[in-house]
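Read off the chains here:
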Amino acid sequence: MSTSPSLSTSSLSPSDAIAAPRHDWTIKEVNGLFDMPFNDLMFQAQIVHRKHFDPNQVQVSTLLSIKTGACPEDCKYCPQSARYDTGLEKERLLEIDKVIQRAKEAKAAGSTRFCMGAAWRNPKDRDMPYVTDMVKEVKKLGLETCMTLGMLTTEQAVALKQAGLDYYNHNLDTSPEFYGDIITTRTYQDRLDTLDNVREAGMNVCSGGIVGMGETSDDRAGLLTQLANLDHHPESVPINMLVKVKGTPMENVEDLDYFEFIRTIAVARIMMPKSYVRLSAGREAMNEQMQAMCFMAGANSIFYGCKLLTTSNPDTHEDVMLFNKLGINSKQTREYSDEAHEAALLEEIDDRSGKNMADNLFYDATLKQAETVNN
């Protein structure tokens, strides 16, 4: 197949873009993708995306923190670390009935997967009966289940699989070269070992990373190379934009250019063509147009809900309205659109009422009637 002059500057041709998944990427090849003209890269990502997915369908998950704060790890981006004063209120492991109630609410809002996260270095043996019971109860609701609990032993991974856990999330975060600048309390190999334990237990792997932490473009290429060169691509690849939290060492890191973030989504789509690429943390800072570009680049999974563990996320009704504008998940969102519109209006009324601004939302018919009489 012939290519245009602009496409020939990359090692990837349109025919390569729809080839079978690879596990032998080099940093040079990945940097070549990042260096493509933006429109060409987006075009290539769309070719791949449409080959493997419905371009107007986005998988929706909800994330719940089942144990918050007091984590012994020193991840420089994380407000849940016990080493940083971020004002985060610590919470013990949630009771199962509260978890189930949140799962029911998530399903009613249109989520198909319920993810549960605990701020642990690794779960203790005494914790396992509680988390496996959570998995069993959420499964009864007809939802897919996902957990992120830190590092797992082989035995713990097997126990979660036997309970019915569908996905386990354990991010690599960044490249091996930059990793030591972000985390020192566990190694890169520790993370890879957990992914191996999850895979060997028969669960789906959810693994991605965070960009905007002050890393180089080589580090972003290195992260995606590590993920794509695993023996099996992760079924779910969350790409997070750093949410800067006051009190963490990364609160003042320089913002990543938004186009570079969109490029990361597109390159992830090309390298891992059959994986769900999740537009994850940082969406609250993205306008609708940027999110639409991310979907065009191949993102096809998001989190619904106002909070991702401890950081904010767009409200569900905002996502529903954006989906309606873009024609995404049209069948599902149609059922929620009227309710979402009402919820948005009521929220605005409530917000403005606190500022004595509620009258700006309404037209006072008596004023018009008075004008008519006076005239």
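As a starting point, this report considers the structure included with it. (Residues numbered from 1 in each chain as written. Predicted model: local features only at pLDDT ≥ 70, side-chain atom pairs only at ≥ 80, totals over all residues. Heavy atoms only, no water.)

This part takes up helix H11 (residues 288-296). For an α-helix, 3.6 residues make a turn, and residues three or four places apart therefore share a direction. Of all the positions in H11, only Met290, Gln291, Cys294 and Phe295 are classed as buried. All buried residues of H11 lie within an arc of 145 degrees about the axis, which places them on one face of the element. The distance from a side-chain oxygen at the start of H11 to the backbone nitrogen of Gln289 is 3.1 Å, and the residue carrying that oxygen is Asn287. After H11 finishes, the residue Gly298 shows a positive phi value of roughly 120 degrees. (Buried < 20%, exposed > 50% of the residue type's maximum accessible area, 1.4 Å probe, protein only. Helix = DSSP H or I, 4+ residues; strand = E, 2+ residues; numbered from the N terminus. Arc of directions from axis to C-beta. Polar contact = N/O pair within 3.5 Å; in protein donor to acceptor, adjacent residues only side chain to side chain.)

Moving on to the pattern of salt bridges. For the coordinates displayed, the defined rule picks out 11 salt bridges. The residue Glu137 makes a salt bridge to Lys140 at a minimum N-O spacing of 3.1 Å. Here Glu137 falls in the partly exposed class, since its relative accessible area comes to 30%. On the basis of relative accessibility, which here comes to 63%, the residue Lys140 falls in the exposed class. The residue Glu215 makes a salt bridge to Arg220 at a minimum N-O spacing of 2.8 Å. Comparing Glu215 with Arg220, the two get one shared label, buried. Each of Arg22, Asp24 and Glu29 takes part in a single network of salt bridges with overlapping partners. (Salt bridge = Lys/Arg side-chain N within 4 Å of Asp/Glu carboxyl O.)

Looking now at the side chain of Thr132. Topologically, Thr132 is positioned in helix H5 (residues 128-139). Here Pro129 takes part through its backbone oxygen, which lies 3.0 Å from a polar atom of the side chain of Thr132.

For strand E3 (residues 144-148), a buried count of 4 out of 5 residues is recorded, marking the element as mostly surrounded by other parts of the structure. With 5 bridges connecting them, strand E2 (residues 113-118) and E3 associate as parallel partners. Directly across from Arg113, in E3, lies its bridge partner Glu144. The parallel pair E2 and E3 is bridged by H5, and the resulting crossover is right-handed. For E3 and strand E4 (residues 167-169), the ladder comprises 2 bridges, and the chain directions are parallel. Bridge pairing in E4 links Cys146 to Tyr167. As for the winding sense of the linkage, the β-α-β connection from E3 through helix H6 (residues 154-163) to E4 is right-handed. (Pairing = 2+ DSSP bridges. Right-handed = clockwise from strand over helix to strand, strands pointing away.)

Throughout the structure, instances matching the rule amount to 4 aromatic pairs. A centroid spacing of 4.9 Å and a plane angle of 65 degrees characterise the contact between Phe53 and Tyr276, whose relative ring orientation is edge-to-face. Taken as a pair, Phe53 in the loop between helix H3 (38-52) and strand E1 (59-67) and Tyr276 in strand E8 (residues 276-279) lie far apart in primary sequence, 223 residues in all. Summarising the aromatic geometry, the rings of Tyr179 and Tyr188 are spaced 5.2 Å apart at their centres and angled 85 degrees between planes, so their arrangement reads as edge-to-face. For the pair Tyr179 and Tyr188, a shared accessibility class is recorded, and that class is buried. Across the ring face of Trp25, the terminal group of Arg22 is positioned such that the distance to the ring centre comes to 4.2 Å. Sitting over the face of the ring of Tyr167, Arg113 holds its NZ or CZ atom 3.7 Å from the ring centroid. (Phe/Tyr/Trp six-rings, centres within 6.5 Å; stacked < 30°, edge-to-face > 60°. Lys NZ or Arg CZ within 6 Å of the ring centre and 35° of its normal.)

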